[in-house]
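A structural walkthrough
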Amino acid sequence: RHSGWVAGRISRQVHAVEGWLVRESDSLITCSASMADEITELFGPGLAETRVIRNGIDAALWPFAKRRPHPDPRRLLYLGRLEYEKGVHELIAALPRIRRRHPGTTLTIAGDGTQQDWLVQQARKHKVLKAVDFVGRVDHEQLVTLLHHTDAAVLPSHYEPFGIVALEAA
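About the thresholds
Residues numbered from 1 in each chain as written. Predicted model: local features only at pLDDT ≥ 70, side-chain atom pairs only at ≥ 80, totals over all residues. Heavy atoms only, no water. Pairing = 2+ DSSP bridges. Helix = DSSP H or I, 4+ residues; strand = E, 2+ residues; numbered from the N terminus. Contact = heavy atoms within 4.5 Å. Axes fitted to C-alpha atoms, helices over the stretch in contact; angles between N-to-C directions. Salt bridge = Lys/Arg side-chain N within 4 Å of Asp/Glu carboxyl O.

Taken in spatial order, the 4 strands make up an open sheet running E5-E4-E3-E6, and their pairing is parallel. Every other strand in the sheet has two partners, leaving strand E5 (132-136) and strand E6 (152-153) as the edge strands with one partner each. For strand E3 (residues 75-79) and E6, the ladder comprises 2 bridges, and the chain directions are parallel. Bridge assignment links Leu76 to a residue of E6, and that residue is Ala152. Set on the sheet, helix H3 (residues 88-101) makes contact with E3, strand E4 (106-110) and E5; between it and E4 the angle comes to about 165°.

By secondary structure assignment, the location of Glu168 is in helix H6 (residues 164-169). Filtering out sequence-adjacent residues up to four positions away, Glu168 remains in contact with Ile57, Trp62, Leu79, Leu143 and Leu147.

The subject of this paragraph is the pattern of salt bridges. Summed over all chains, the structure comprises 4 salt bridges. Residue Arg74 pairs with Asp151 through a salt bridge whose shortest N-O separation is 3.7 Å. Here Asp151 lies in the loop between helix H5 (140-148) and E6 and Arg74 lies in the loop between strand E2 (49-52) and E3, a separation of 77 residues in the sequence. As a salt-bridge pair, Arg75 and Asp151 come within 4.0 Å of each other at their nearest N and O atoms.

Read these as layout, nothing more, since geometry by itself doesn't imply function.
So this is what it looks like as structure tokens:
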């Protein structure tokens with residue numbers, strides 16, 4: 001979790017439990033080869049056999065949008081949890097520079113989490129609050145609609161072993 005970055009009491013507890021589980025397991029399943037390497041690096045050699053089973057989605061549930069050229073302003077979309085490691089604050093901080101180059105660009109943030117109030121403050125701090133729309137958690141149908149009406153899904157994660165959101169956006 002978090003590449004072993006364990007600042008904070010809860011993160012240290014989670015890391016300790018993960019270490020115990022990894023050492024006590026008869027076999028391990030990871031979502032990527034890099035995650036398997038990370039587990040070995042974090043918890044040492046001699047662990048149980050590790051198998052990689054990549055994340056996937058049912059492509060039939062994700063119809064392709066009929067893309068039509070449209071004039072500015074551009075629409076960006078972030079979808080996922082609103083947590084520090086997801087890097088949404090970095091996207092908000094970059095938005096003023098993006099808007100200088102592409103005036104009128106908007107950002108829709110779909111999801112919820114512990115950092116939502118802080119992210120609203122960041123949007124206010126960077127003077128882009130009116131260009132950012134926090135829509136909260138969305139269901140599958142709403143998510144498909146958002147994806148079909150955006151120019152780019154932006155996933156600025158600081159740490160992401162294998163993001164399902166990237167598959168959904170693709």
